[in-house]
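One letter stands for each residue in the lines below.
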Amino acid sequence: MTHKDFRQWRKSLKLSQKDAAEALGLKRRVVQYYEKGERDGEKIEIPKTVRLACYALAQGISDYFGTDRPPQLAPLPTSDADKPKEKSKEVNG
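Owing to the predicted nature of the structure, the values given are computational and were not obtained by experimental measurement.

Rules used throughout
- Residues numbered from 1 in each chain as written.
- Predicted model: local features only at pLDDT ≥ 70, side-chain atom pairs only at ≥ 80, totals over all residues.
- Heavy atoms only, no water.
- Core = buried A, V, L, I, M, F, W, Y, C linked by side-chain atoms within 4.5 Å.
- Buried < 20%, exposed > 50% of the residue type's maximum accessible area, 1.4 Å probe, protein only.
- Helix = DSSP H or I, 4+ residues; strand = E, 2+ residues; numbered from the N terminus.
- Contact = heavy atoms within 4.5 Å.
- Salt bridge = Lys/Arg side-chain N within 4 Å of Asp/Glu carboxyl O.
- Arc of directions from axis to C-beta.

Caption draft 1: Layout of the nonpolar core. Of all hydrophobic cores here, the largest spans 12 residues; its members are F6, W9, L15, A20, A21, L24, V31, Y34, I46, V50, C54 and L57. For this core, the secondary-structure elements that each account for two or more residues are α1 (3-12), α2 (17-24), α3 (28-36) and α4 (48-58). Sequence-distant contacts of L24, that is, excluding residues within four places in its chain, are made with F6, W9, V50, A53, C54 and L57.

Dropping the structure here:
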């Protein structure tokens, strides 16, 4: 998985960098490094564990508990921008 593939994966799931980091158990800055393909001028490779986690998330699997229990099929985290806004209640005095 190249840094361009990683960014495309995140965008295909409509995740912000923050949400992708949360879903992968990473810090947002690490997601930024992976998308850039480098850290402090040094090339950075996306680890196999992260690549496999990206695949699992793309398949709708958000957690795995071993062979005795089925994987968790929960919605991915969404950014606050995607959440419905609550209507403010007006108080009539």
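Read on, since the account is not over.
Caption draft 2: Spotlight on the pattern of salt bridges. Here the structure, examined in full by the defined rule, presents 4 salt bridges. Taking the shortest distance from any N to any O, the salt bridge between E35 and R7 comes out at 3.5 Å. One end of the pair, E35, is in helix α3; the other, R7, is in helix α1, with 28 residues separating them in the sequence. For D40, the salt bridge is made with R39, and the minimal N-O distance between the two is 3.9 Å. Classification of D40 as exposed rests on a relative accessible area of 69%. Residue classification places R39 among the partly exposed residues on the basis of a relative accessible area of 43%. Within this structure, R7, R10 and E35 form a network of salt bridges that share partners.

Caption draft 3: Quick look at α4. Among all positions in α4, only V50, C54 and L57 are buried. An end-on view of α4 places all buried positions within 70° of arc, on one side of the element. In α4, the exposed positions that point more than 90 degrees away from the buried face belong to K48, T49, L52 and Y55. Among the residues trailing α4, G60 stands out with phi positive, at a value near 90°.

Everything listed is a geometric property; what it means functionally is a separate question.
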